[in-house]
Amino acid sequence: AVTADGRSRLIDNRKLPLRDANGEVIGVFGFVRDVTSEILLERELTKSERRNRLFFELVSSLHVIIDLNGRFVDVNNGWSEVLGYERDEIVGNYIPDFLHPDDAASTLKEIERLARGVTTLHFRNRYRHKSGHYRLIDWSAEYDPAEQLIYAAGNDITDLEATRERLEDLVRIRTNALEEAQRDALEANLARSRFLADVSHEIRAPVGGMVDMLNLLEATGLDGRQGEYLEKIRSSANVLLEIINET
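The structure reproduced in this document is the subject of the present report. (Residues numbered from 1 in each chain as written. Predicted model: local features only at pLDDT ≥ 70, side-chain atom pairs only at ≥ 80, totals over all residues. Heavy atoms only, no water.)

So, about the nonpolar core. One finds Val-64, Phe-72, Trp-79, Tyr-127 and Trp-139 to be the most contacted residues of the largest nonpolar core, which totals 23 residues. Ranked by residues supplied to this core, first place goes to strand β6 (residues 134-144) with four residues. Leaving out residues up to four positions away in the same chain, Trp-79 has contacts with Leu-62, His-63, Val-64, Phe-72, Gly-84, Tyr-85, Ile-90, Tyr-127 and Trp-139. Val-207, Val-211, Ala-237 and Leu-241 belong to the second-largest nonpolar core, a separate cluster that totals five residues. (Core = buried A, V, L, I, M, F, W, Y, C linked by side-chain atoms within 4.5 Å. Buried < 20%, exposed > 50% of the residue type's maximum accessible area, 1.4 Å probe, protein only. Helix = DSSP H or I, 4+ residues; strand = E, 2+ residues; numbered from the N terminus. Contact = heavy atoms within 4.5 Å.)

Moving on, we come to the packing of aromatic side chains. The tally for this structure, following the rule as stated, stands at six aromatic pairs. Measuring from ring centre to ring centre gives 5.5 Å for Trp-79 and Tyr-127, while their planes differ by 85 degrees; the resulting arrangement is edge-to-face. One end of the pair, Trp-79, is in helix α2 (residues 78-83); the other, Tyr-127, is in strand β5 (residues 120-128), with 48 residues separating them in the sequence. For Trp-79, a relative accessible area of 1% translates into the label buried. By way of ring pairs, the aromatic residues Phe-72, Trp-79, Tyr-85, Phe-98, Tyr-127 and Trp-139 are connected into one cluster. (Phe/Tyr/Trp six-rings, centres within 6.5 Å; stacked < 30°, edge-to-face > 60°.)

Right, let's talk about the side chain of Asp-67 for a bit. You can see Asp-67 is positioned in strand β3 (residues 62-67). Of the polar contacts made by the side chain of Asp-67, one reaches the backbone nitrogen of Arg-71; its length is 2.9 Å. (Polar contact = N/O pair within 3.5 Å; in protein donor to acceptor, adjacent residues only side chain to side chain.)

An α-helical turn contains 3.6 residues, so a residue and the one three or four places further along point in the same direction. Compared with an ideal rise of 1.5 Å per residue, which puts 61 residues at 90 Å, helix α5 (residues 158-218) spans 87 Å between its outermost C-alpha atoms and is within 8% of the ideal. Among the residues of α5, Thr-158, Glu-161, Ser-200, Val-207, Val-211 and Leu-214 are the ones counted as buried. Against β5, β6, β7 (149-156) and α6 (224-246) lie the buried residues of α5. (Expected span 1.5 Å × (residues − 1).)

Structure follows, in structure tokens:
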């Protein structure tokens, strides 16, 4: 219908027969209702649901809706890409059926925390891939008390965690090698110091004796050339003594 000002409106027009006591139709009665707002709202909700479903399905991470009993209500296509399961293999089943046995108790406890209104950030557990091996998933989740459902998104960090562990092992190996090299260098320096101390001790006395003998030789009276030779010998001996004393 079109209003006087030219706007289009959606009208719900219903008519029913009016009968007398004998059941004979004696007229028609009806009502007309403007349902424009209701129809537009319904269309908007449908469009919004379509957008949400499209977003839910397009992301490559794991999206899931579960109830407070740990039962899968809905999952996106990421579960097929990451874990190999189709939606109908998961929906209706329970989380512990897909978990590593060691992670079941902590996961159920995390669901209890969510039900109390505690938001989950970076909770990790291991899900069994359809082929049998396990993938490590990092989760963020929040509870909707109105629907009594938990909405969660998870990322597969298996390869990232494996890379981190390899890097940590490499750092540990190199650190150990560096510490060992430092110990070896320290031991070498100590050995050198001990060697020089021993050598210095062994050489100091003979060199000192040689200097004393040169002093005595000088006192015997030497000609000019002999005195020059003596001074050269004494100078070299004194340099050697200085080196020994410095060690």
